[in-house]
Amino acid sequence: MQIGIVGLPFSGKSTLFQTLTKTHLDPSALAKAETHQAVVKVPDKRLEKLTEIFKPLKKTNAAIEFVDVIGLKKGETGSTQFTNNFLSKVKTNDALIQVIRIFENDLVQHPEGKIDMMRDIESFETEFILSDMSIIEKRIQNLKKQILKMQDDQMKKELLLLEKSLDFIQREHPLREAGFSKEDLQLLRGFQLLSVKPMLIALNFDESQINDTEKFLDQVLKNKVGRNTKVLSFFGKIEMEMSELSENEAKDFMKEYNIRESALNNIIRESYELLGLHSFFTVGEDECRAWTIKKGMNAQEASGAIHTDFYNKFIRAEVVHYDDFIKSGSFPKAKELGLWRLEGKEYIVKDGDIISVRHS
Ligand SMILES: Nc1nc2c(ncn2[C@@H]2O[C@H](COP(=O)(O)OP(=O)(O)O)[C@@H](O)[C@H]2O)c(=O)[nH]1
Ligand SMILES: [Mg+2]
């Protein structure tokens, strides 16, 4: 699962990418026309607690991949150009973080001159919608011709879905807000549409703007946040500086700037949420581990995330939810209370379930 970090030049994408992934890119690497990607552990307090209890040899967090999507350039006319090259790089991601610059910095000019949050948010939305529209229109034309030749039910179904999508974006709404079913999304997947991707709008503030964040967040929430869209604020430069400090130094630093909590964990968890993912745990003396699955997966599918053999030879799953396990104090106690139980393959796994697979 891959999350692309997009945004206008000098909005703070590479700063965020490096902080999230704890990588350091030197200026020559940043200047190269390559995308950078890195895998990030998803922080999870529950996994920490389980590791304290079981003292395993190994702890494994869930993971997602972040990509610093480069290639957006200032055009000859001055305005930013959404080239096909850039758009095709965005297409391969499962979800997007859009970094919006709120911070002022005279040394690095905003490509459009002035800072304007809504303009920047809307410029991406418009480009994504236009790109989707042209893909959908072409496909509709083709499909109509083919359907005339052969009355194919699958094609008719596709046509209906595409016409519905076209109608939706013609009213200037991104497709992620259309409320598509799982099947519809699967059908649309092949077109690599842009506005259908879940989006986290990340507002990048300067430390001097700490009292303004609510005002900006409110404006986005009121105007731009529908289904599959989230918004949060962060302090790009401070986060980067903090990530280079020891834990104690970081605490002092946060006090000094009046920051309650680093935004990083929040950004990672929100991204995970946006992708429609959640975790179940396996525990033991060898390893405590958080496994990533799509929401709505059943016990057999979840077992398949551990090993394909577990999927094929699945018999039952022993399940106790993390909260119930902590409340009851131990597996035997949880069993006594009926909280640790056997579930069949149809059982829909919940976020935070502790699972042990029984297989043949
Ligand atoms: N003052 C200030 N400068 C920032 C902040 N975030 C990034 N910058 C600076 O803005 C410039 C562009 O940042 P970068 O992350 O390279 O932007 P990108 O082009 O979107 O990848 C760099 O000089 C950063 O140091 C911030 O929150 N505050
Ligand atoms: Mg960059």
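Predicted model, so just to flag it, every value in this text is computed and none were measured. (Residues numbered from 1 in each chain as written. Chains lettered and ligands numbered in written order. Predicted model: local features only at pLDDT ≥ 70, side-chain atom pairs only at ≥ 80, totals over all residues. Heavy atoms only, no water.)

**Q** What's the story with the site of ligand 1 in this structure? I'm lost.
**A** Near ligand 1 there are 16 residues, and of these Phe10, Lys13, Ser14, Thr15 and Asp206 occur at the shortest range. About the coverage of ligand 1: the protein hides 79% of its 580 Å² of free accessible area. Taken together, the elements giving at least two residues each to the shell around ligand 1 come down to helix H1 (13-21) and helix H9 (236-243). Residue composition of the shell around ligand 1, by class: 6 nonpolar, 7 polar and 3 charged. (Near = heavy atom within 4 Å. Areas by Shrake-Rupley, 256 points an atom, 1.4 Å probe, with all protein chains shown as cover. Helix = DSSP H or I, 4+ residues; strand = E, 2+ residues; numbered from the N terminus. Nonpolar A, V, L, I, M, F, W, Y, C, P; charged D, E, K, R; others polar.)

**Q** Looking at this structure, how should I read the sheet that holds strand S4 (residues 63-68)?
**A** Across a sheet, strands are paired by hydrogen bonds formed along the backbone, either parallel or antiparallel in direction. The strand order S2-S4-S1-S7-S8-S9 describes an open sheet built from 6 strands, whose pairing is mixed. A single partner strand is all that each edge strand has here, and the edge strands are strand S2 (36-41) and strand S9 (229-234). Here the average twist between neighbouring strands, direction ignored, is 25°. Judged from the 4 bridges that link them, strand S1 (residues 2-7) and S4 form a sheet pairing that is parallel. By the bridge assignment for S4, glutamine 2 is matched with glutamate 65. Contacts from helix H11 (residues 264-274) reach S1, S2, S4, strand S7 (95-101), strand S8 (199-204) and S9, with the element oriented near 175° to S9. (Pairing = 2+ DSSP bridges. Axes fitted to C-alpha atoms, helices over the stretch in contact; angles between N-to-C directions. Contact = heavy atoms within 4.5 Å.)

**Q** It is not clear to me how the pairing of S7 should be interpreted in this structure. Could you clarify?
**A** A regular strand places its side chains on the two faces of the sheet in alternate fashion. Counting buried residues along S7, 7 of its 7 residues qualify, which places the element largely inside the surrounding structure. Alternating residues of S7 divide into Ala95, Ile97, Val99 and Arg101 and Leu96, Gln98 and Ile100, and every residue in both groups is buried. Where S1 lies against S7, 5 bridges are found, and the strand directions are parallel. From the neighbouring strand, valine 6 faces S7, where its bridge partner is glutamine 98. As paired strands, S7 and S8 are joined by 6 bridges and run parallel to one another. Counted as the bridge partner of glutamine 98 is isoleucine 201 from S8. (Buried < 20%, exposed > 50% of the residue type's maximum accessible area, 1.4 Å probe, protein only.)

**Q** Teacher, can you tell me more about unusual backbone geometry here?
**A** A negative phi holds for most residues other than glycine; trans holds for most peptide bonds. Positive phi values are uncommon outside glycine, yet phenylalanine 10 reaches one of about 60°. Looking at the element boundaries, phenylalanine 10 is found in the loop between S1 and H1. Of note, the phi angle at glutamine 192 is positive, near 50°, even though the residue is not glycine. Relative to the elements of secondary structure, glutamine 192 occurs in the loop between helix H7 (182-189) and S8.

**Q** Before we go on, may I ask you to explain the packing of aromatic side chains in this structure?
**A** By convention here, two paired aromatic rings are described through the distance between centres and the angle between planes. This structure, assessed with the given rule, holds 11 aromatic pairs. Between the aromatic rings of phenylalanine 124 and phenylalanine 128, the centroid separation amounts to 5.9 Å while the plane-to-plane angle is 85°, which identifies the pairing as edge-to-face. Here phenylalanine 124 pairs with phenylalanine 128, and both are found in helix H5 (residues 117-149), just 4 residues apart, close to one helical turn. When its relative accessible area of 1% is taken as the criterion, phenylalanine 124 is described as buried. On the numbers, 5.5 Å between centres and 75° between planes, the contact of phenylalanine 205 with phenylalanine 216 is edge-to-face. Remark: phenylalanine 216 occurs in helix H8 (residues 213-224) and phenylalanine 205 occurs in the loop between S8 and H8; sequence separation between them is 11 residues. Owing to a relative accessible area of 2%, phenylalanine 205 belongs among the buried residues under this scheme. (Phe/Tyr/Trp six-rings, centres within 6.5 Å; stacked < 30°, edge-to-face > 60°.)

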